Amino acid sequence: MIHAIKGMNDLLDEDALIYEKIIKTSEEVAKTYGYSYIEVPHLEVTPLFKRSVGESSDIVGKEMYEFLDKGGDSVCLRPEGTAGVVRAFIERKMDKAGVVKRWFYHGSMFRYEKPQRGRYREFHQFGLECFNIASVYEDASVIMILARIFEKLDIAYTLKINSLGSPECLQNYRAALRDYLTKVESNSDFKFCEDCAKRRLTNVIRVLDCKNDNCSKHLVNAPKLSEFLDDESRADFAKLQEILKDNGISFVIDERLVRGLDYYSKTAFEFESSEIGAKAAIAGGGRYDYLVEYLGGAKSYGVGFAMGVERVMDILKSKKLEQKPQNTYFCVLDTELLELAYKLVDDLRKAGKIINLSYDAKKLIKHLNTADKQNYKYFIAIGSDEASKNEVFFKDLESGEQKSIKYEVLKEIL
Ligand code: HAM
């Protein structure tokens, strides 16, 4: 038997319904904030991700599905959505024209991670990106979009926020952090873990992310990012907090929140949920005012987020969605009535009615049993008696009411 690849899952039945519900809810909320749909390719040239996500990130370092295509070009399955959307923005010269754009997207992302609950090799994100708005009100809006989505889906969360400042602030902070790590090691026998050692060489702020308890303990007195913020970043961060408070969004400031991708500046945030075992990020994002330029475009502001759909699905699955009954089960009692039924059903479908037509001719009671088991709302059968009078047998499976009705009335009843 051929199996699906490890960490890549089918999506069907109840899971598919939950998936649809999450995407529909997210789209509806994003649209109210002026965001519209964009679709970008799943496969892009490798340098796009190396440059944007950053060589020092785990994604680029260990997790990319990168290969040479038949033409010998290095291509990569997208590990995240932002880079492709930025590329599309630049390619249409919207950067040079200074266009304001708000886009949302959803679909598969690919990361070669160790598969476990909530962590897959192919997973789905719902994300959005806003270009050319410098105002911190937009940072607040993207956070509020997520808060509203989770509220509509009835999901409890903790929102963590931080400010990474400008690239200059970060550069000064990196130097201070490096000095601190060296001092800790030279004043004791303690050595930071192997991952930290690597991060010190590539992007030292990722040390703050280390999950190793010993490293964490030795970081308690590390210099704080907030002490390195310039006036503008400090003012924006204060304003962001004010807007969130004024709009009833609770948050905690997490000075160690640096995010796993290298393109952020100023606002960084994550939504965590404890409803899927250990606290896990169900969404994350922030501002990236230098990424468009870094990818060869003209200076353009950017801010956005991505939500992990499988992680949200896991939470909703544990709550059990109410199963809405399917619409109509339509059937015939004699084979020769199938053509007539087929035409009637097609007419109803043209009018937008959702019908499942059974192609088997069998006894009424057998059809009724099938329809009951599959949780239908309405049941319609045609036997030769009904057909001779241009009627069908109709039963409302929820109320139990049953009667014969004329073909013409069907559209009104269903
Ligand atoms: P990210 O934090 O790498 O950000 O991913 C966003 C979310 O995707 C995570 O919070 C998590 O819920 C989900 N996720 C990540 N990896 C996996 C996985 N292996 N399996 C299941 N779910 C996963 C980004 O991707 C940025 N592009 C977000 C962004 C948009 N920033 C600005 N604009």
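Everything below is about the structure printed above this text.
Every value quoted in this text rests on a predicted model; they were computed, and no experiment measured them.

In this section: the overall build of the protein. Looking only at helices and strands, the protein features 16 helices and 16 strands. Over its C-alpha trace the protein gives a radius of gyration of 27 Å, far above what one expects of a compact globule, namely 22 Å for 414 residues. Looking at the protein residue by residue over its 414 residues, the buried ones come to 51%. Surface summary for the protein: the accessible area is close to 20,900 Å², and the carbon and sulfur share equals 49%. Across the protein, the 62 positively charged side chains and the 66 negatively charged ones have centroids separated by 1 Å.

So, on to the pairing of strand β7 (residues 158–163). With five of six residues buried, β7 is to be regarded as a mostly interior element. In this structure, β7 lies alongside strand β9 (residues 265–273), joined through six bridges in antiparallel fashion. Bridge assignment links T158 to a residue of β9, and that residue is E272. Note: β7 against strand β8 (residues 252–253), two bridges, orientation parallel. Of the residues in β8, the one forming a bridge with K160 is V252.

Among the nonpolar cores identified, the biggest contains 52 residues, and V86, F131, L177, F192 and L219 are the most heavily contacted of them. Of all the elements in the fold, those that place two or more residues in this core are α2 (46–53), α3 (58–63), α4 (82–91), β5 (101–110), β6 (122–131), α7 (167–186) and α11 (291–294). Sequence-distant contacts of F131, defined by excluding residues within four places in its chain, comprise V85, V86, F89, V99, V100, K101, W103, Y288, V292 and Y301. Counting residues in each nonpolar core, the second largest holds 47 residues, with A140, M144, F150 and L240 among its members.

Residues three or four positions apart in an α-helix share a direction because the helix packs 3.6 residues into each turn. In terms of burial, helix α12 (residues 309–319) is a largely internal element, eight of the eleven residues being buried. Buried within α12 we find V309, E310, R311, V312, M313, D314, I315 and L316. Backbone geometry just after α12 places K320 at a positive phi near 55 degrees.

The next thing to look at is α2. Among all positions in α2, only T46, L48, F49, S52 and V53 are buried. Buried residues along α2 cover an arc of 160 degrees about the axis, so they all sit on one side. Its buried side turned inward, α2 meets β2 (43–45), α3, β3 (65–68), β4 (74–77), α4 and α11. Backbone geometry just downstream of α2 places G54 in the positive-phi region, at approximately 105 degrees.

The subject of this paragraph is the sheet that holds strand β15 (residues 391–396). What the five strands build is an open sheet, ordered β13-β12-β14-β15-β16; its pairing is mixed. Two strands bound the open sheet, and with one partner strand each, they are β13 (355–361) and β16 (402–406). When strand polarity is set aside, the average angle formed by the axes of neighbouring strands in this sheet is 25 degrees. Relative to β13, strand β12 (residues 326–332) is paired through four bridges, and the arrangement is parallel. Looking at the pairing, F330 lines up with L357 of β13.

Here the focus is the sheet that holds β4. The antiparallel open sheet is built from three strands, whose spatial order is β2-β4-β3. Edge positions in the sheet fall to β2 and β3, since each of these pairs with one other strand and no more. With strand direction ignored, the average angle separating the axes of adjacent strands in the sheet is 35 degrees. As defined by bridge partners, β3 adjoins β4 across four bridges and the pair is classed as antiparallel. Residue pairing for β4: E66 is matched across the bridge by C76.

Burial of β9 is extensive: nine of the nine residues sit out of reach of the surface. Where β9 lies against strand β10 (residues 280–287), seven bridges are found, and the strand directions are antiparallel. Bridging from a neighbouring strand, E272 pairs with A281 of β10.

Glancing now at the packing of aromatic side chains. Taken as a whole and assessed by the stated rule, the structure comprises 21 aromatic pairs. Relative to F131, the ring of W103 lies with its centre 6.0 Å away and its plane at 70 degrees, an arrangement referred to as edge-to-face. You can see W103 sitting in strand β5 and its partner F131 sitting in strand β6, a full 28 residues away along the chain. Like F131, W103 is buried. An angle of 10 degrees between the planes, with centres 5.8 Å apart, marks the rings of Y329 and F379 as stacked.

Close contacts around the ligand come from 26 residues, with E80, T82, E113, E129 and Y264 the closest. In the model, a nitrogen atom of the ligand is placed 2.6 Å from a nitrogen or oxygen of the E113 side chain. Here F305 contributes a backbone N or O atom positioned 3.3 Å from a nitrogen atom of the ligand. Summarising the interface, the protein chains cover 96% of the accessible area of the ligand, which totals 660 Å² for the free molecule. Contributing elements (two or more residues each) for the shell around the ligand: β6, β10 and β11 (302–308). The dominant element in the shell around the ligand, judged by the number of residues it contributes, is β10, at six residues. Considering only residue class, the shell around the ligand consists of eleven nonpolar, eight polar and seven charged.

Calculation notes
- Residues numbered from 1 in each chain as written.
- Predicted model: local features only at pLDDT ≥ 70, side-chain atom pairs only at ≥ 80, totals over all residues.
- Heavy atoms only, no water.
- Helix = DSSP H or I, 4+ residues; strand = E, 2+ residues; numbered from the N terminus.
- Rg over C-alpha atoms; globule rule 2.2 N^0.38 Å.
- Buried < 20%, exposed > 50% of the residue type's maximum accessible area, 1.4 Å probe, protein only.
- Areas by Shrake-Rupley, 256 points an atom, 1.4 Å probe, with all protein chains shown as cover.
- Lys, Arg positive; Asp, Glu negative; His and termini not counted.
- Charge placed at Lys NZ, Arg CZ, Asp CG, Glu CD.
- Pairing = 2+ DSSP bridges.
- Core = buried A, V, L, I, M, F, W, Y, C linked by side-chain atoms within 4.5 Å.
- Contact = heavy atoms within 4.5 Å.
- Arc of directions from axis to C-beta.
- Axes fitted to C-alpha atoms, helices over the stretch in contact; angles between N-to-C directions.
- Phe/Tyr/Trp six-rings, centres within 6.5 Å; stacked < 30°, edge-to-face > 60°.
- Near = heavy atom within 4 Å.
- Polar contact = N/O pair within 3.5 Å; in protein donor to acceptor, adjacent residues only side chain to side chain.
- Nonpolar A, V, L, I, M, F, W, Y, C, P; charged D, E, K, R; others polar.

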